[in-house]
Amino acid sequence: MTIQEPDQSVWDRFWARKKDLSKVYPASPTILKTIYKHFPNVRGMKILEVGPGSGRDSADLAKQGADVYVLDFSAESLKTVEALRIREHLEENLHCIRGDAFHSPFPDGTFDLVFHQGLAEHFVDPQPLIEENFRIVKPGGYFLCDVPQTFHLYTVVKHILIAMKKWFAGWETQFTIGQLRRLVKSSGFQIRYEYGDWMRPNFFYRSFRELCFKFNVELPKYPFAGTAYQKANNWILDRFDRIALSRYTQLSIGILSQKPKE
């Protein structure tokens, strides 16, 4: 099979169809949980999100007083973030930059924290991307990378759709926690924290909900919100998350790492 990485036109088409963010699931909630766990007060921090998608994580950080930049080569993605920026009155500390993540327009050692979700898996060789992230992080600064995990039903369905040429991005890969560790460490970072997350609600419900949109039927984004079932399910998943084996069952995994101090 010929591998063709998704280009700018793919993401422009994707985000052009995602104008109503109320219908779009946010990125892994554990990304913000991890950031706030390690940086309870982000006010004044200089933060970059690469490939921001909807930009909701960056907007949340900006609301807390961080000086946040988002970098993307998709004009449609940046339009989505710009609309959010204006709607939430974040003009002073949420900045949209169009550019190439492999050759970012920032000097060495610019940011206290660089993060991305759903980005590294779209490149055959993501190493240069992570090395570029390393360049623009300050000595002693941090980098967070969140990617899809290999051993999940999502991976099976994804590769079936890729083979059928039906996958929205054309092609995408995935990582085990060991592969992600090696990618981060070989770029110069030192690992400080690992996490993972499951789909909540689950893969089957999300897939069925997406299918219903094609028939102009909109199901609730979170069908069991506030119920005893949801609380019990979250309690079980949160307890299982403490076990290292969970990193081989979760939908997404992430690593927070640090650039050595000079």
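Residues numbered from 1 in each chain as written. Predicted model: local features only at pLDDT ≥ 70, side-chain atom pairs only at ≥ 80, totals over all residues. Heavy atoms only, no water.

Under an unreviewed UniProt entry, the name given to the chain is Methyltransferase domain-containing protein, and the organism recorded is Fibrobacter intestinalis.

Another aspect to go through is the packing of helix 1 (residues 8-16) against helix 4 (residues 75-87). Interaxial distance between helix 1 and helix 4 falls to 7 Å at its minimum, and their mutual angle equals 35°. Between helix 1 and helix 4, the residues in contact are Asp-12, Trp-15 and Ala-16 and Ala-75, Glu-76, Ser-77 and Thr-80, respectively. Class assignment for the residues of the contact of helix 1 with helix 4 results in 3 nonpolar, 2 polar and 2 charged. (Axes fitted to C-alpha atoms, helices over the stretch in contact; angles between N-to-C directions. Helix = DSSP H or I, 4+ residues; strand = E, 2+ residues; numbered from the N terminus. Contact = heavy atoms within 4.5 Å. Nonpolar A, V, L, I, M, F, W, Y, C, P; charged D, E, K, R; others polar.)

Considering the arrangement of structural elements, one finds Thr-110 in the loop between strand 3 (94-98) and strand 4 (111-117). Between the alpha carbons of Thr-110 and Ile-136 there is a distance of 5.2 Å; along the sequence they are 26 residues apart. Once residues within four sequence positions are removed from consideration, Thr-110 is found in contact with Lys-46, Ile-136 and Lys-138. A polar contact of 2.5 Å, which involves the side chain of Thr-110, links it to the backbone oxygen of Pro-107. (Polar contact = N/O pair within 3.5 Å; in protein donor to acceptor, adjacent residues only side chain to side chain.)

What UniProt calls "domain: Methyltransferase type" (unreviewed entry) maps, in this numbering, to residues 48-145. In residues 48-145, helix accounts for 32% and strand for 31%; the two terminal C-alpha atoms are 12 Å from one another. (UniProt positions renumbered as here; feature names shortened; annotations may be inferred.)

Strand order in this open sheet of 7 strands is 3-2-1-4-5-7-6, and the pairing throughout is mixed. Two strands close off the open sheet at either side, each with one partner strand: strand 3 and strand 6 (190-197). Neighbour-to-neighbour, the strand axes of this sheet turn through a mean angle of 15°, independent of strand direction. Pairing between strand 2 (residues 67-72) and strand 3: 5 bridges, direction parallel. Directly across from Tyr-69, in strand 3, lies its bridge partner His-95. This element, helix 3 (residues 56-63), spans strand 1 (46-50), strand 2, strand 3 and strand 4 of the sheet and lies at about 165° to strand 2. Contacts between helix 7 (residues 177-186) and the sheet are confined to strand 5 (137-148), strand 6 and strand 7 (252-258), with strand 7 contributing the most and set at about 25° to the helix. (Pairing = 2+ DSSP bridges.)

It is worth spelling out the side chain of Asp-57 at this point. Counting through the fold element by element, Asp-57 comes out in helix 3. Within the buried set, Asp-57 has no salt-bridge partner at all; the shortest N-O distance to an opposite charge, 7.0 Å, is to Arg-56. (Buried < 20%, exposed > 50% of the residue type's maximum accessible area, 1.4 Å probe, protein only. Lys, Arg positive; Asp, Glu negative; His and termini not counted. Salt bridge = Lys/Arg side-chain N within 4 Å of Asp/Glu carboxyl O.)

Nonpolar side chains collect at one region of the surface, where Leu-153, Val-156, Ile-160, Met-164 and Phe-204 lie side by side and expose about 500 Å² of accessible area between them. Here the element with the most residues in the nonpolar patch is helix 6 (residues 153-163); it accounts for 3 residues. By the element assignment, Phe-204 lies in helix 8 (residues 203-213). (Patch = residues over 30% accessible without salt bridge, like charges linked within 9 Å, V, L, I, M, F, W, Y side chains within 5 Å. Areas by Shrake-Rupley, 256 points an atom, 1.4 Å probe, with all protein chains shown as cover.)

Turning to the pattern of salt bridges, a few remarks are in order. Counting across every chain of the model gives 11 salt bridges. A salt bridge links Arg-135 to Glu-132; the nearest nitrogen and oxygen atoms lie 2.8 Å apart. One end of the pair, Arg-135, and the other, Glu-132, are both in helix 5 (residues 127-136), 3 residues apart, so they sit about a helical turn from each other. Overall, the relative accessible area of 10% leaves Glu-132 in the buried class. Linking Arg-247 and Asp-241 is a salt bridge whose minimum nitrogen-to-oxygen distance equals 2.9 Å.

With that settled, the discussion passes to the packing of aromatic side chains. Within this structure, the stated rule accounts for 18 aromatic pairs. Ring geometry for Trp-167 and Phe-168: centres 5.1 Å apart, planes at 55°, overall tilted. Given a relative accessible area of 13%, Trp-167 falls into the buried group. Taking 5.8 Å as the distance between ring centres and 25° as the angle between the ring planes, the aromatic pair formed by Trp-198 and Phe-240 counts as stacked. Linking Trp-198 in the loop between strand 6 and helix 8 with Phe-240 in helix 9 (residues 228-240), this pair joins segments that are 42 residues apart in sequence. For Trp-198, a relative accessible area of 13% corresponds to the buried category. Its relative accessible area of 27% is what places Phe-240 among the partly exposed residues. An aromatic cluster is defined as three or more aromatic residues linked by ring pairs; in this entry it consists of Trp-11, Phe-14, Tyr-154, Trp-167, Phe-168, Phe-203 and Phe-204. Sitting above the plane of the Phe-111 ring, Lys-46 keeps its charged end 5.9 Å from the centroid. A cation over a ring is seen here: Lys-259 above Phe-134, with NZ or CZ 4.7 Å from the ring centre. (Phe/Tyr/Trp six-rings, centres within 6.5 Å; stacked < 30°, edge-to-face > 60°. Lys NZ or Arg CZ within 6 Å of the ring centre and 35° of its normal.)

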